[in-house]
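# An overview of the molecular structure
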Amino acid sequence: MSDDEDTREYAVVINHEEQYSIWPTGRELPNGWTEVGVRGPKRECLDHIDQVWTDMRPLSLRKAMAAAAAGQSAGE
């Protein structure tokens, strides 16, 4: 089924690592995922994700890299 043929409504969801996905509304969300409040056609949801998910690295990696950078700055 192409995006043009898909008439289902989707919800934009996020996990604890701040990674985004879409999920069909009306289906129970998998553990660890939360709706962000954006619902609509598949393309609209994917467009929203393109706008807000600008750093694909998981949150834990971003925090570790920031801590390492701060440690290097303090040790200079």
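Quick summary incoming for the structure in this document. The structure displayed is predicted, hence computed values, not measured ones. (Residues numbered from 1 in each chain as written. Predicted model: local features only at pLDDT ≥ 70, side-chain atom pairs only at ≥ 80, totals over all residues. Heavy atoms only, no water.)

Counting secondary structure elements, the chain contains 2 helices and 3 strands. Ordered by position from the N terminus, the helices and strands of the chain form the series β-β-β-α-α. The globule rule puts the C-alpha radius of gyration for 76 residues at 11 Å, and the 17 Å found for the chain is more than 25% above it. Reported as C-alpha extents along the three principal axes, the dimensions of the chain are approximately 55 × 25 × 20 Å. For the chain, the residues scored as buried account for 22% of the 76 residues in total. When contacts within the chain are restricted to residue pairs at least 6 apart in sequence, those whose partners lie at least 24 apart make up 45%. Accessible surface, the chain: about 5,400 Å² in total, of which carbon and sulfur atoms supply 50%. Seen as two clouds, the 8 positive and the 14 negative side-chain charges of the chain have centres 4 Å apart. (Helix = DSSP H or I, 4+ residues; strand = E, 2+ residues; numbered from the N terminus. Rg over C-alpha atoms; globule rule 2.2 N^0.38 Å. Buried < 20%, exposed > 50% of the residue type's maximum accessible area, 1.4 Å probe, protein only. Contact = heavy atoms within 4.5 Å. Areas by Shrake-Rupley, 256 points an atom, 1.4 Å probe, with all protein chains shown as cover. Lys, Arg positive; Asp, Glu negative; His and termini not counted. Charge placed at Lys NZ, Arg CZ, Asp CG, Glu CD.)

On to the pairing of strand S2 (residues 20-24), then. Burial along S2 is one-sided: Tyr-20, Ile-22 and Pro-24 are buried, and none of Ser-21 and Trp-23, which face the opposite way, are. Note: strand S1 (residues 10-15) against S2, 5 bridges, orientation antiparallel. The residue of S2 that forms the bridge with Ile-14 is Tyr-20. With antiparallel pairing between neighbouring strands as the criterion, S1 and S2 make up a hairpin whose turn holds 4 residues, including Glu-18 at a positive phi of roughly 60°. (Pairing = 2+ DSSP bridges.)

The subject of this paragraph is the pattern of salt bridges. This model, assessed by the stated rule, comprises 6 salt bridges. Glu-35 is the partner of Arg-39 in a salt bridge, and the nearest nitrogen-oxygen pair spans 3.0 Å. For Arg-39, a relative accessible area of 42% translates into the label partly exposed. With a relative accessible area of 32%, Glu-35 lands in the partly exposed category. (Salt bridge = Lys/Arg side-chain N within 4 Å of Asp/Glu carboxyl O.)

Let us now look at the sheet that holds S1. Pairing is antiparallel in the open sheet, where 3 strands are placed in the order S2-S1-S3. Two strands bound the open sheet, and with one partner strand each, they are S2 and strand S3 (33-40). Adjacent strand axes in the sheet meet at a mean angle of 35° when their direction is disregarded. Of the strand pairs in this sheet, S1 and S3 are connected by 5 bridges, and their pairing is antiparallel. (Axes fitted to C-alpha atoms, helices over the stretch in contact; angles between N-to-C directions.)

Let's shift gears to the environment of Ser-60. Inspection of the secondary structure puts Ser-60 in helix H2 (residues 59-74). Overall, Ser-60 belongs to the partly exposed group, its relative accessible area being 42%. Sequence separation between Ser-60 and Gly-26 is 34 residues, and the spatial gap between their C-alpha atoms is 30 Å.

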